[in-house]
Amino acid sequence: MTVIIEEPMVLGSEEEREERPALVPSLFPFIPPTLYFSTANEKVELLPAEQRRLLKWKLSTVTPNVVKYTVDRSHFKVTKKGHDWLGCWGHHMRSLGFKELGEHQKLNHFPGTFQIGRKDRLWRNLSKMRLRYGKQEFSFFPRTFILPQDIKRLRKAWEDGGSKQKWIIKPPASARGVGIQVIHKWSQMPHKRPLLVQKYLHKPYLISGNKFDLRIYVYVPCYDPLRIYIFSDGLVRFASCKYSSSMKTLGNKFMHLTNYSVNKQNAEYQTNSDDKACQGHKWALKALWQLLGSRGVNTTLIWEKIKDIVIKTVIASEPYVHNLMKMHVKSPYSCHELFGFDIMLDENLKPWILEVNISPSLHSSSALDVSIKGQMIRDLLNLAGFRLPQREEEEASPCSSASSSASSSASSSTSSLSGSKPTVSADERVKRSFYLSQFHVDQDLLVSVLDVLTPEDVRVLAESEDELSRRGDFERIFPSPSSSRYLRFFETQRYFNILLDQWEQKYWNDWTKRIDLLKALCQERVHLGTSDPAHMWSKCSYVSRFQPQGREETGPLRPSVVVTSQHDSLDEDCSDCSNPELSSAQSLLLQRLASLSPGNPEQTPPPRA
């Protein structure tokens, strides 16, 4: 069943709208193009009929209009039934449901993200991180108790704090402000369980006397390697009554809650349609930065602190998502996710995380919403990198348009890059095992991970560079030239996180060099697999890579490195290797390393932090 979508507020006539190609070519040869999603004042060229019939988007009961309009402009047919769709924006589902996704399909969720999307799981996971890494690194969330498990600890904290403390009560899986209340007496505690109880941030930063929070849009296209983007704009949502710290006002939701769904019910709520105006009870984030900047506030510092919160919070979910992806999802291509981070600024302009939404509202009730959410969704879908599924009979079809030519030129590589889990050679497995074993032993050696780029290395680097080139108004905050410090917060190290981190550090200030290098490698089709020894890590010289720079060769080389097959030094991609070539390749590697350092005892990497 096909659904007809009509978009309001389309700018200009059909003739006045700029036409854009339907496909965005890769930066690199022999990599397939991605589908283009346009703005409202653009039109997208039509693909040939045999390709156009593949453009199907599955409609869900929660698919927002802003998504429907965006995919409609790229000539997707929206359908409620069928299994041959390419994209869907729908409900989160149980992990087992992800098994049904085809390798060519994309859903807007990962399995396991409820580990930060549910309030109780978010606080449990952040509390674990604070216990492991210290309060200095994880001081951005208020003291939290989850009932009934923490009832004794809460009672003690309540008694120690005295009668003037305020606490906020939240159901762990609610949304839109439902069930939230602020209390100061134990007798006011609801009996319903489970329940989240937090110290109330009673000294918020106020503008014109009103409390507010920030809705920050965060996009994760991939968890391995982990890549995190943050949108440059967002929403500022005000409480519709002026703030008071008086105990007598705690029952006033229009004063203490900032949720739009709550405050729009207040007769005094004022709308705002101008994304540049500081008026009404909802602003654009950029308008807030401009106002604070005019007051002498260092908004760049606040933004950097918000990025820090985002990166650490997403990393807290990583072990759960990674394991469930491996168990239930055929292809990493099939999942991506938009998160809505709710952040509050206290009186000292310190940002605090309130919650993370795994299905943030994209309802657009005003021109302000349309402006911000429309651009954000368009950029997100371009970032996602939707590809046409390629079939042998379609690849052989003659194509006449520019977009079709782009598709045809890359068709030979599509089977390797369509998103299916790639076949990893024994050589690549040994390389991954080696660098993972060295993460806690010799950080200086990690830079050599770029010395010999294997086919999978090239594929992942090219995919990341292509994705980054389509970012629009998103900013990639992990990995970045300054994000190395966050690797230690991962429960389990992942090889591709190390690879991308070293890539960013080496080429952060020379975009041309990094792109030209990958272009040359893709032109040789290295990313599609090769038997060239120059791209086989275990066949290259070890001496040149392990010789410390600047050391005079006056004695025998004694590298401080060792390869181990212990499972706790590997990521999931290496720990389940069943390739019979692996053991012999690892044995060869161990022998070569041993020969480089006679008498050097085997070193076992320390356990993970």
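A brief look at the structure comes next. Since we're looking at a predicted model, the values are computed, not measured.

As a further point, take the nonpolar core. Counting residues in each nonpolar core, the largest one holds 95 residues, and the members touching the most others are Leu214, Ile216, Ile228, Leu288, Ile306 and Ile353. Among the elements that line this core, the one with the most residues is helix H9 (residues 299-328), at 11 residues. Setting aside anything within four residues of it in sequence, one finds isoleucine 216 in contact with Ile230, Leu285, Trp303, Ile306, Phe339, Gly340, Phe341 and Ile343. Within the second largest apolar cluster, 40 residues are counted, among which are Leu23, Val44, Tyr219 and Leu380.

Spatially, the 4 strands line up as an open sheet ordered E10-E13-E11-E12, and their pairing is antiparallel. Either end of the sheet is taken by a strand with one partner, and the two such strands are strand E10 (144-147) and strand E12 (181-183). Between one strand axis and the next, the sheet turns by 25° as a mean value, whatever way the strands run. Here 4 bridges tie strand E11 (residues 167-170) to strand E13 (residues 195-199), and the two strands are oriented antiparallel to one another. Bridged to lysine 170 within E13 is leucine 196. Along the sheet, helix H4 (residues 119-133) contacts E10, E11 and E13; its crossing angle with E13, the most-contacted strand, is approximately 55°.

Let's shift gears to the packing of aromatic side chains. Per the stated rule, a full pass over the model turns up 28 aromatic pairs. A centroid spacing of 5.3 Å and a plane angle of 45° characterise the contact between phenylalanine 212 and phenylalanine 238, whose relative ring orientation is tilted. Of the two residues, phenylalanine 212 sits in strand E14 (residues 212-223) while phenylalanine 238 sits in strand E16 (residues 235-238), which places them 26 residues apart along the sequence. Here the two residues phenylalanine 212 and phenylalanine 238 agree in accessibility, since each one is buried. An angle of 55° between the planes, with centres 6.1 Å apart, marks the rings of tyrosine 219 and phenylalanine 474 as tilted. In this pair, tyrosine 219 is assigned in strand E14 and phenylalanine 474 in strand E20 (residues 474-478), connecting sequence segments 255 residues apart. Like tyrosine 219, the residue phenylalanine 474 is buried in the burial classification. Here the aromatic residues Trp123, Tyr133, Phe138, Phe140, Phe141, Tyr486 and Phe489 are joined through ring pairs into a cluster of three or more.

Bringing the environment of serine 433 into the picture now. Take serine 433: it is sitting in helix H14 (residues 426-437). Relative accessible area serves as the criterion here: at 2%, serine 433 is assigned to the buried category. Counting along the chain gives 62 residues from serine 433 to tyrosine 495, while the straight-line C-alpha distance between them is 8.1 Å.

Right, let's get into the packing of helix H15 (residues 455-469) against helix H16 (residues 495-507). Packed helices, taken two at a time, are described by the angle their axes make and the gap between the axes. Interaxial distance between H15 and H16 falls to 11 Å at its minimum, and their mutual angle equals 60°. The hand of the H15/H16 crossing is right-handed. Here Glu456, Asp457, Val460, Leu461, Ser464 and Glu465 of H15 come into contact with H16, specifically with Tyr495, Phe496, Leu499, Leu500 and Trp503. Across the contact of H15 with H16, the residue classes break down as 7 nonpolar, 1 polar and 3 charged.

This paragraph deals with the pattern of salt bridges. Considering all chains together, one arrives at 32 salt bridges under this definition. For the salt bridge of aspartate 150 with arginine 153, the shortest nitrogen-to-oxygen distance reads 3.4 Å. Assessed through its relative accessible area of 7%, aspartate 150 is described here as buried. By relative accessible area, arginine 153 is classed as partly exposed at 47%.

Of note, the bond from leucine 147 into proline 148 is cis; its omega dihedral lies within 30 degrees of zero at 15°. Tracing the sequence through the fold places proline 148 in the loop between E10 and helix H5 (151-161). Cis geometry is adopted by the peptide bond preceding proline 479, which originates at phenylalanine 478 and carries an omega value of -5°. Turning to its location among the elements, proline 479 is positioned in the loop between E20 and H16. A positive phi angle, near 65°, is found at phenylalanine 30, a position not held by glycine. As for its position among the elements, phenylalanine 30 is in the loop between strand E3 (23-24) and strand E4 (34-35).

We now examine the pairing of E11. Alternating residues of E11 divide into Trp167 and Ile169 and Ile168 and Lys170, and every residue in both groups is buried. For E11 and E12, the ladder comprises 3 bridges, and the chain directions are antiparallel. Looking at the pairing, isoleucine 169 lines up with glutamine 181 of E12.

Structurally, the position occupied by asparagine 259 is in the loop between helix H6 (253-256) and helix H7 (260-263). Residues asparagine 259 and phenylalanine 238, spaced 21 residues apart in sequence, show a C-alpha to C-alpha distance of 7.9 Å. With residues up to four places along the chain from it excluded, the contact list for asparagine 259 reads Arg176 and Gly177.

Of the two faces of E16, both are covered, the one formed by Leu235 and Arg237 as well as the one formed by Val236 and Phe238. Relative to E16, E14 runs antiparallel, the two being bridged by 4 bridges. Counted as the bridge partner of aspartate 213 is arginine 237 from E16. Here E16 pairs with strand E17 (residues 282-284) via 3 bridges, running antiparallel. When the sheet's bridge partners are listed, valine 236 is paired in E17 with tryptophan 283.

So, how was this worked out
Residues numbered from 1 in each chain as written. Predicted model: local features only at pLDDT ≥ 70, side-chain atom pairs only at ≥ 80, totals over all residues. Heavy atoms only, no water. Core = buried A, V, L, I, M, F, W, Y, C linked by side-chain atoms within 4.5 Å. Buried < 20%, exposed > 50% of the residue type's maximum accessible area, 1.4 Å probe, protein only. Helix = DSSP H or I, 4+ residues; strand = E, 2+ residues; numbered from the N terminus. Contact = heavy atoms within 4.5 Å. Pairing = 2+ DSSP bridges. Axes fitted to C-alpha atoms, helices over the stretch in contact; angles between N-to-C directions. Phe/Tyr/Trp six-rings, centres within 6.5 Å; stacked < 30°, edge-to-face > 60°. Left-handed = near helix turned anticlockwise from the far one by under 90°. Nonpolar A, V, L, I, M, F, W, Y, C, P; charged D, E, K, R; others polar. Salt bridge = Lys/Arg side-chain N within 4 Å of Asp/Glu carboxyl O.

Coordinates in, geometry out; function isn't part of it.
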